[in-house]
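# Chains, contacts and geometry: an overview
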Amino acid sequence: MVIHPSFPNSPYMQLIKTIKDMQAFGRRLKAERKSLGFVPTMGALHEGHLSLARRSIDENDFTVVSIFVNPAQFGPNEDFKKYPRDTEGDLQKLSPFKVDAVFLPDAAEMYTAGFSTSINIGNIGTILCGASRPGHFNGVATVVAKLFNAVTPDRAYFGQKDFQQTVVINKLARELNFATDIIVCPTVREPDGLAMSSRNTYLNSEERKAALILYKALKLGEELIISNGMVNAVLIKEELRMLIHTEPLAVIDYVEIVAADLGEVEKIKLPVAICLAVKLGKTRLIDNIIVDRFQRKS
Ligand code: PAF
């Protein structure tokens, strides 16, 4: 275990690089009956990640954040190589918080030579984002299982922005009996509504402006359901597509309305999630909104 020399003001934050040391950290906390919260990330931290860390710090005695860009969840033509990496910057961003440890394994530590085990999460990993990113959710499920076994957290925190990922991870935790509660936290947005994402850094200024169409479409969907009382999901999706098509830079991957288990919805029965994936130039952005009964206006 290493106390990072650049963070004399953060006496808490230890850097842990091996699974063995991470597990020893967890065992010590268990012996002391301390609770452990965990925020798994791929780095390039933004306010969305920091909100997860704050929630974990509020709800647990100790908090671990992991930073690991997981090769197994990127397809061969995806952005693994160019995915933003800034470990020093990330540690600086975490240093004002009472994060007790940052788990920073390298790829050889996580995927030892000859590694061949993989979790197949089933059909929910092949729809929505899984349709254009084959194998992505199996890669997520596999690395999250490995991270849970390394960190042994009582609670793990994920952002609602990756709605399908939260459903996948809940299923993984339930079906493989992980003793970790999965806590899904609200999407953090820029003041103009764009959901925070490490991939937003890929957008040029034109694409950044055009990206607002995602949130506009989600808000339109919410309004059609809540204020206009529309129940035909096919018609609502058509309206959303028409709005997104008004933005010349936007190319739709999917516009879907799904139930909490990602099941297809034909007639709206709340709660539902409206989920979008839209490409702007080479950047594919996702966003979603959960429409629930309490929002219905009288
Ligand atoms: O959401 C992410 O950043 C990643 O998918 C996760 C959960 C850290 C697994 O690599």
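Given the structure is predicted, the values throughout are model-derived calculations rather than measurements.

### Some words on the environment of K161
The topology assignment puts K161 in the loop between β6 (155-159) and α7 (163-175). Using a relative accessible area of 14% as the deciding quantity, one classes K161 as buried. Expressed as a C-alpha distance, the spacing of K161 and V291, which sit 130 residues apart in the sequence, is 14 Å. Not counting residues up to four positions away in its chain, the partners in contact with K161 are T187, A195, M196, S197, I286, D287 and N288.

### Points about the packing of aromatic side chains
Summed over all chains, the structure comprises seven aromatic pairs. Between the aromatic rings of F74 and Y83, the centroid separation amounts to 5.7 Å while the plane-to-plane angle is 75°, which identifies the pairing as edge-to-face. For the pair F74 and Y83, a shared accessibility class is recorded, and that class is buried. Taking the centre distance of 5.5 Å and the plane angle of 80° together, the rings of F148 and F178 count as edge-to-face. Taken together, the residues F148 in helix α6 (residues 136-151) and F178 in the loop between α7 and β7 (181-185) connect sequence positions 30 residues apart. Per residue, the accessibility class of F148 equals that of F178, and both read buried. Joined through ring pairs, the aromatic side chains of F38, F148 and F178 make up one cluster. Sitting over the face of the ring of F62, K98 holds its NZ or CZ atom 5.1 Å from the ring centroid.

### Points about the sheet that holds strand β10 (residues 283-291)
Taken in spatial order, the three strands of this open sheet run β8-β9-β10, and their pairing is antiparallel. Only two strands of the sheet have a single partner each, and these edge strands are β8 (250-258) and β10. Along the sheet, successive strands turn relative to each other by an average axial angle of 15°, direction set aside. By the bridge criterion, nine bridges tie strand β9 (residues 272-280) to β10 in an arrangement that is antiparallel. Each bridged residue has a counterpart across the sheet, and for V278 the counterpart in β10 is L285.

### A look at the environment of D79
With respect to the secondary-structure elements, D79 resides in the loop between β4 (62-67) and α3 (87-94). The class for D79 is buried, based on a relative accessible area of 13%. Along the sequence, D79 and T283 sit 204 residues apart, while their C-alpha atoms lie 9.4 Å from each other. Setting aside residues up to four positions removed in sequence, D79 forms contacts with F74, R199 and Y202.

### Let's talk about α3
Within α3, burial applies to G89, D90, L91 and L94. Against β2 (14-16), α2 (47-59), β4 and β5 (101-103) lie the buried residues of α3.

### Digging into the pattern of salt bridges
One pass over the structure, following the stated rule, counts 14 salt bridges. K219 is paired through a salt bridge with E222; the nearest N and O atoms lie 2.9 Å apart. Within this pair, K219 and its partner E222 are both found in helix α9 (residues 212-226), separated by three residues, close to a single helical turn. A residue is classified by how much of its surface remains accessible, and K219, at 34% relative accessible area, is partly exposed.

### A word on α7
The end-to-end C-alpha separation of α7 is 18 Å, in line with the 18 Å expected for 13 residues at 1.5 Å each. Among the residues of α7, those classed as buried are F163, Q164, Q165, T166, V167, V168, I169, L172 and A173. The first or second residue beyond α7 is N177, which carries a positive phi of 60°.

### What to know about the packing of α9 against helix α10 (residues 233-245)
For any two helices packed against each other, the geometry comes down to the angle between their axes and how far apart the axes lie. Contact geometry of α9 with α10 gives a least axis separation of 9 Å together with a crossing angle of 150°. Comparing their axes, α10 and α9 come out roughly antiparallel. The interaxial crossing formed by α9 with α10 has right-handed handedness. For the pair formed by α9 and α10, the contact residues are I213, K216, A217, L220, G221, L224 and I225 on the first element and I236, E239, L240, L243 and I244 on the second. Taken together, the residues of the contact of α9 with α10 sort by class into nine nonpolar, one polar and two charged.

Conventions we followed
Residues numbered from 1 in each chain as written. Predicted model: local features only at pLDDT ≥ 70, side-chain atom pairs only at ≥ 80, totals over all residues. Heavy atoms only, no water. Helix = DSSP H or I, 4+ residues; strand = E, 2+ residues; numbered from the N terminus. Buried < 20%, exposed > 50% of the residue type's maximum accessible area, 1.4 Å probe, protein only. Contact = heavy atoms within 4.5 Å. Phe/Tyr/Trp six-rings, centres within 6.5 Å; stacked < 30°, edge-to-face > 60°. Lys NZ or Arg CZ within 6 Å of the ring centre and 35° of its normal. Pairing = 2+ DSSP bridges. Axes fitted to C-alpha atoms, helices over the stretch in contact; angles between N-to-C directions. Salt bridge = Lys/Arg side-chain N within 4 Å of Asp/Glu carboxyl O. Expected span 1.5 Å × (residues − 1). Parallel < 35°, antiparallel > 145°, perpendicular 65-115°, else oblique. Left-handed = near helix turned anticlockwise from the far one by under 90°. Nonpolar A, V, L, I, M, F, W, Y, C, P; charged D, E, K, R; others polar.

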